[in-house]
Amino acid sequence: MPEGKTLLETRGITVRFGGNTAVDDVHVAMAEGEITGLIGPNGAGKTTVFNTITGLQKPASGRVLLDGDDITGLSPSKRARRGMARTFQRLELFLSLSVRDNVRVAGDILRSTGRERFDLDERTDQVLERTGLTDIADRDVSDIPIGRARVVEVARALMTSPRLLLLDEPASGQTEGETAVFAEMLTGLAAEGLAVCLVEHDLPLVMKLCSTIHVLDYGALIASGTPAEIRESPEVIAAYIGTEEAAHE
Amino acid sequence: MTTFLTYTILGLVLGSVYFIAASGLVLTYNTSGIFNFAHGAQAMFGTFLYWHFTERWGWPVWLALLLVVGVAGPAMGAALHTAIMRGLRGTADVTKIIVTVAVLLGTVYLAQWVWSPDEAHTVDMFFGAGAKVTVAGVVIRYHELVCLVAAVAIAAGLRVLFTRSRAGVVMRGSVDDPDLLRLNGHDPERAAMLSWALGSTLAVLAGVLIVPISGGGLDANMLTLLVIDAFAAAMFGRLRSIPRTLVGAMVLGLAANYVLAYLPSAGTFTGNLRVSLPMILLFVVLVVLPQDRLRGAAIRTRERYRVPTVRAAAVWGAVLVAVVYLYSLLLSDGGVSTFALGMTFAIIALSLTVLTGYAGELNLAPLAFGAVATVVAFHTGVEGTGLASYMSVRGLLLGVAVAALVGGLVALPALRLRGLYLALATMAFGEFLSNMVLRDTTEHELFGFTFTLFPDGSLVVPPPKAGPLDLRDGTTFLMTATVLFALIAVGLAALRGGGYGRRLAAMKDSPAATAMLGQNLVRLKLSVFMISAAIAGLGGVLMSAAHGTVAQESFSFVGSLSLLMLVVVAGIGYISGALVGGLLAGVGASVLVATFGDLALESEGMGNIYDALGHLVLVGTALLGMGVGRNPSGFVHDVIEGYRAMRGARPLLYGAGAFGAGLYLLALTGVIGTWTFALVALCVIMLLPVLGRMYLDEGRRDRPTPLELAGVDEPYTEELRARLDRELGLPALGKGGAGA
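Note that this is a predicted model, so its numbers are computed, not measured.

## Let's talk about the overall build of chain B
Phase 1 of the analysis: The number of helices and strands found in chain B is 29 helices and ten strands.
Phase 2 of the analysis: The globule rule puts the C-alpha radius of gyration for 740 residues at 27 Å, and the 29 Å found for chain B is close to it.
Phase 3 of the analysis: Judged by the C-alpha coordinates and their principal axes, chain B covers about 110 × 80 × 70 Å.
Phase 4 of the analysis: Here chain B holds 740 residues, and the buried ones make up 47% of them.
Phase 5 of the analysis: Considering only contacts in chain B between residues 6 or more positions apart, those separated by 24 or more positions represent 77%.

Here's what the structure looks like:
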């Protein structure tokens, strides 16, 4: 179970779209220096949980805590300024800017708020270097393959020096080689104390990287635990393999 | 009591008509996602047709009504959808709005062409104004009964359509997820077309009903704006709910009549307030609407703009100043003044470049901010009297500052919402200003000062003067305006290339991602709107000074819209687009139309043709605007791209340069006229890229065809086949049959 200090916690968040309950009373936690996994079949509510954590979606009930403070009412930009950063499942790159400017603009925003002073070009180069994007830095962001475009979103998020990094299916569209490099980078980031949360369909990747995994199904949290515990959980097996066995019982 | 009842009935009748108009708007918005700014123009056009049938051709009312509401209305809507609106799926909100604005302008120009605004057109009530019943001492005309019954019937009909019928459900789905509908075997385009036909019919019906109850006079501009009042009712229903729209329309109708009944009728205030009510309500609704959910990039826009470096912008600015100076030497005094007026419009156009081109937000009333600055500058900056009077720099700057401030206040409530709402807020402000402020000729007393905002309905704005720089001289004015344009342009280029510009671009591309990087979107939008309003204010004061005398009409809503449309057509992402669009709006159209008008007067035989050409110019620009969905970058950009490709054709460029210099000398020495020079120079500029392409193609002829195109563009010859075999490393089959 988590050993680092808990950075973010959701307490019973519930989200409804019309009559549908997309997320139902979900408790998850993310700790510093650890990679937390959030998995579940399609439509389980993973992205909605992310949207609620980041403030893009208001919950019908429940609270979101950062450092123990209730941030449920804060706007997305205020949460970002408190150290939250994310990527999007459906890419949200700035299509009129180059790869470098996509990353640099995050620094522009940071500087405009006057919280931090730093050499923008130097920091941009460092982040590009670290994420392995230097070779395509001056290309139009709309011309690069989707696997690398996902890395641009990660680089952009890293530019804000976040404490919590929420990644929504970062490995989809990546080649096996790209995923391996990416996994190594995530491990490195966690080792530096960053709290990382991963929504991902690539189960072997999640099992390998994460120390804690939360499993969602139909909006409800059906299991939380270490990869070994998740692998053994009958609810998870039922949700993933299908409900036939469950129905036969 | 009778007074109250009478005005209540009148209010309900007006509300009924507002509802009919607003329901059509809600209908099209919900099925196509397009907020139809041309709704009022469609109503206007249908009503003119009705007038034409009943008055000019003397057809019976029932037949005219059947043709206009039953045939022309639906046909107009279906045609609009097929020809224009269906092509707008997947374009930016800004593009959608501009296209409907272009339709609005085109329809107004067309109507003014067919039905001369100099003639009076009146539409009578159904059954005549004398047909009425008296209930409890209140007189109700049959026409008013028709309005009430029609509104109730339409409300009920739409309710059934949306909730009960299959067609209505498909309509609602077609904006949310057209692909899903298609998968389920429905045709979203058919549903959308049906709704456009229905919406247009409702607009036309509203037009025919509203003209008699608001005086009977039919005027293209007035009627278009009258139906725009229904926007407020539609907003009250959040553009979704028919019942709430009904409530909004009734509140609006009643308020307008109660104001008339119970407020003092002395002075201009009450009348102005009545006209402004819908826009005030629209603004209030905007303020109380709940915040939108932050969205990502709903669509991947096709607009992509090349960003100039500051140095390039400075070089081009210097070139512009030089060219304008050389050209001004050819012009008469009158020509210089007109050109200067155009340049002030170009400065106002720059306000749109930064707001729309860089930040992706819309201002539908840029001239209104020019009006604010003008009024302030007039009251604080005019020094001296009579012919020696001038506008001080202090007044100018104060005007600009107030314009920025007012811009911030106007934009603030709408910034939490989607771009459409900012557009509507600016529109509401523009209408409010032209009705309440620019018509305010009464004396006020505030903090001990006595003043009149708009004495005599017009302001005499003297030319600015700063130390030795006196703008009374036409050429000095023109050159100062040009230099100011160039300076602002360089400033904008610097802005766009820096961190602030990158943040604007990011916000335009994906608001959600920008917020997730810690950007406070409202603050960023507010700052850019204030910058834009300040530029519009500066341009506005200069425009007023160039005009000399300005009145309410100088800042009209239609004027703002046509400026915006021309800038978009020319290329709103580029400074060059602002220059060309502004010049076109300021001088282009008016000069051309006036020229054709003069020609028509001169040669009687050709009069009709020249007259038609003049109108065609106006309608043509609107047609260009409607096509902007296909080419969002604008035409100036296309021409410039053509030149970019011509770098290789140096001899041609030098030749053209020499030709231009020769032409200029001829014009300077008076051998050829200024118009000849301008037309020939324009033709050369437009044709050169075409010639260049031909020249470059000539050189390219010898290059080998790419192999994958062998046999496609060129005949598949033996030689090509041999080359293919060689490249693929195959044994040559021709002679290899034996060798293999």
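Still to come is the rest of the account.
## Things to note about the overall build of chain A
Phase 1 of the analysis: Assigned secondary structure in chain A consists of ten helices and ten strands.
Phase 2 of the analysis: Scaling as 2.2 N^0.38, a compact globule of 249 residues should have a C-alpha radius of gyration of about 18 Å, and chain A matches this with 18 Å.
Phase 3 of the analysis: Expressed along its principal axes, the backbone C-alpha trace of chain A runs to roughly 60 × 40 × 35 Å.
Phase 4 of the analysis: Every one of the 249 residues in chain A was classed for burial, and the buried ones make up 47%.
Phase 5 of the analysis: Restricting to contacts in chain A with at least 6 residues of sequence separation, those with at least 24 account for 67%.

## A few points about the pairing of strand 4 (residues 61-66) of chain A
All names here are of chain A.
Phase 1 of the analysis: Two strands pair when backbone bridges link them, and strand 1 (residues 6-17) and strand 4 are joined in this way by five bridges, in the antiparallel orientation. Residue pairing across strands places Thr14 opposite Ser61, the latter belonging to strand 4.
Phase 2 of the analysis: Two strands pair when backbone bridges link them, and strand 4 and strand 5 (residues 69-70) are joined in this way by two bridges, in the antiparallel orientation. Directly across from Leu66, in strand 5, lies its bridge partner Asp69.
Phase 3 of the analysis: In this antiparallel pair of consecutive strands, strand 4 and strand 5, the connection spans two residues, and Asp67 shows a positive phi of 55 degrees.

## Examining the domain arrangement of chain A
Residues and elements named next belong to chain A.
Phase 1 of the analysis: Per the domain assignment, the segments of chain A are domain 1 (1-83 + 163-249) and domain 2 (94-161).
Phase 2 of the analysis: For domain 1 versus domain 2, the separation of C-alpha centres amounts to 25 Å.
Phase 3 of the analysis: Each side of the interface is counted separately: domain 1 has twelve residues, and domain 2 has ten residues.
Phase 4 of the analysis: The set of elements that each furnish at least two residues to the side of domain 1 that touches domain 2 consists of helix 2 (76-81), strand 7 (164-168) and helix 6 (176-191).
Phase 5 of the analysis: In terms of residue count, the dominant contributor to the side of domain 1 that touches domain 2 is helix 6 (four residues).
Phase 6 of the analysis: Partitioned by chemical class, the residues of the side of domain 1 that touches domain 2 number seven nonpolar, three polar and two charged.

## Here we look at the domain arrangement of chain B
All names here are of chain B.
Phase 1 of the analysis: Domain assignment breaks chain B into domain 1 (2-288), domain 2 (310-556), domain 3 (649-702) and domain 4 (707-735).
Phase 2 of the analysis: Just the C-alpha atoms count here: the centres of domain 2 and domain 3 sit 35 Å apart.
Phase 3 of the analysis: At the interface, five residues of domain 2 touch five residues of domain 3.

## Some thoughts on the packing of helix 1 (residues 2-32) of chain B against helix 11 (residues 242-262) of chain B
All names here are of chain B.
Phase 1 of the analysis: Where helix 1 contacts helix 11, the axes come no closer than 6 Å and their chain directions differ by 140 degrees. Judged by the inter-axis angle, helix 1 sits oblique to helix 11. Note on packing geometry: the crossing formed by helix 1 with helix 11 is right-handed.

## Looking at the pairing of strand 9 (residues 212-217) of chain A
Residues and elements named next belong to chain A.
Phase 1 of the analysis: Here strand 9 lies mainly inside the structure; six of its six residues are buried.
Phase 2 of the analysis: Going residue by residue along strand 9, you find Thr212, His214 and Leu216 tucked away on one face and Ile213, Val215 and Asp217 tucked away on the opposite face as well.
Phase 3 of the analysis: As defined by bridge partners, strand 3 (residues 35-39) adjoins strand 9 across four bridges and the pair is classed as parallel. Across the sheet, the residue bridging to Ile39 is Val215, located in strand 9.
Phase 4 of the analysis: Inspection of the sheet shows strand 9 paired to strand 10 (residues 220-225) by five bridges, in the antiparallel sense. Its bridge partner lying in strand 10, His214 is registered against Ser224.
Phase 5 of the analysis: If you look at the hairpin formed by strand 9 and strand 10, you'll find two residues sitting between the two strands, and Tyr218 has a positive phi there, around 50 degrees.

## A closer look at the interface of chain A and chain B
Phase 1 of the analysis: On the chain B side, the residues contacting the 27 residues of chain A number 22 residues.
Phase 2 of the analysis: Along the lines of polarity and charge, the residues of the side of chain A that touches chain B split into twelve nonpolar, six polar and nine charged.

## Here's the deal with helix 12 (residues 269-288) of chain B
Residues and elements named next belong to chain B.
Phase 1 of the analysis: At Ser276, helix 12 shows its maximal bend, which comes to roughly 50 degrees, and the proline Pro278 appears one to four places after that position.
Phase 2 of the analysis: Buried residues of helix 12: Asn272, Val275, Ser276, Leu277, Pro278, Met279, Leu281, Leu282, Phe283, Val285 and Leu286, and no others.
Phase 3 of the analysis: Along its buried surface, helix 12 packs onto helix 10 (230-236), helix 11, helix 16 (393-415) and helix 17 (419-437).

## Points about the packing of helix 4 (residues 93-114) of chain B against helix 9 (residues 220-228) of chain B
Residues and elements named next belong to chain B.
Phase 1 of the analysis: Contact geometry of helix 4 with helix 9 gives a least axis separation of 9 Å together with a crossing angle of 145 degrees. For the crossing formed where helix 4 meets helix 9, the hand is right-handed. Contacts between helix 4 and helix 9 involve Leu104, Val108, Ala111 and Gln112 from the former and Ala220, Asn221 and Thr224 from the latter.
Phase 2 of the analysis: Taken together, the residues that form the contact of helix 4 with helix 9 break down as four nonpolar, three polar and no charged.

## Things to note about unusual backbone geometry
Phase 1 of the analysis: Positioned with a positive phi, Asp67 of chain A is a non-glycine residue whose angle comes to about 55 degrees.
Phase 2 of the analysis: Classification of Asp67 of chain A by C-beta neighbours within 10 Å gives partly exposed; the count is 13.
Phase 3 of the analysis: Here the phi dihedral of Leu239 of chain B falls at roughly 60 degrees; this positive angle occurs in a residue that is not glycine.
Phase 4 of the analysis: Turning to its location among the elements, Leu239 of chain B is positioned in the loop between helix 10 and helix 11.

## Digging into the environment of Phe236 of chain B
Residue and element names in this part refer to chain B.
Phase 1 of the analysis: Inspection of the secondary structure assignment puts Phe236 in helix 10.
Phase 2 of the analysis: As a C-alpha pair, Phe236 and Ala249 span 13 residues in sequence and 8.2 Å in three-dimensional space.
Phase 3 of the analysis: Those residues in contact with Phe236 that sit more than four places away from it in its chain are Arg244, Thr245, Val247, Gly248 and Val285.

## Re the environment of Leu286 of chain B
Phase 1 of the analysis: Inspection of the secondary structure assignment puts Leu286 of chain B in helix 12.
Phase 2 of the analysis: Residues in contact with Leu286 of chain B, not counting those within four places in the same chain, are Pro413, Ala414, Tyr421, Leu424 and Ala425 of chain B.

## A look at helix 13 (residues 310-328) of chain B
Residues and elements named next belong to chain B.
Phase 1 of the analysis: Over its 19 residues, helix 13 extends 27 Å from the first C-alpha to the last, a length consistent with the 27 Å expected when each residue adds 1.5 Å.
Phase 2 of the analysis: Listed in full, the buried residues belonging to helix 13 are Ala313, Gly317, Leu320 and Val324. The buried side chains of helix 13 occupy one side of the element, clustering within an arc of 60 degrees when seen end-on. With respect to the buried face of helix 13, the exposed residues turned more than 90 degrees away are Arg311, Ala312, Val319, Ala322, Val323 and Leu326.

## Some details on the confidence of the model for chain A
Phase 1 of the analysis: Summing up the model confidence of chain A, the mean pLDDT is 90 and the portion of residues at 70 or higher is 95%.
Phase 2 of the analysis: Low pLDDT, under 50, characterises residues 244-249 of chain A; the stretch is placed with two contacts to residues that sit more than four places away or in other chains.

## Description of the confidence of the model for chain B
Phase 1 of the analysis: With 90% of its residues at a pLDDT of 70 or more, chain B has an overall mean of 84.
Phase 2 of the analysis: Here the predicted complex scores 0.88 on pTM and 0.93 on ipTM.

## Re the environment of Gly620 of chain B
Residues and elements named next belong to chain B.
Phase 1 of the analysis: Of note, Gly620 is situated in helix 24 (residues 607-626).
Phase 2 of the analysis: Taking the number of C-beta atoms within 10 Å as the measure of exposure, Gly620 has 14 and is therefore partly exposed.
Phase 3 of the analysis: Between the C-alpha atom of Gly620 and that of Tyr109, which follows or precedes it by 511 residues, the distance is 9.6 Å.

What counts and how
- Residues numbered from 1 in each chain as written.
- Chains lettered and ligands numbered in written order.
- Predicted model: local features only at pLDDT ≥ 70, side-chain atom pairs only at ≥ 80, totals over all residues.
- Helix = DSSP H or I, 4+ residues; strand = E, 2+ residues; numbered from the N terminus.
- Rg over C-alpha atoms; globule rule 2.2 N^0.38 Å.
- Buried ≥ 20, exposed ≤ 12 C-beta atoms within 10 Å, placed from the backbone.
- Contact = placed C-beta atoms within 7 Å.
- Pairing = 2+ DSSP bridges.
- Domains from an automatic or database assignment.
- Nonpolar A, V, L, I, M, F, W, Y, C, P; charged D, E, K, R; others polar.
- Axes fitted to C-alpha atoms, helices over the stretch in contact; angles between N-to-C directions.
- Parallel < 35°, antiparallel > 145°, perpendicular 65-115°, else oblique.
- Left-handed = near helix turned anticlockwise from the far one by under 90°.
- Bend = angle between axes of the 7 residues up to and from the residue.
- Expected span 1.5 Å × (residues − 1).
- Arc of directions from axis to C-beta.
- pLDDT = per-residue confidence, 0-100.

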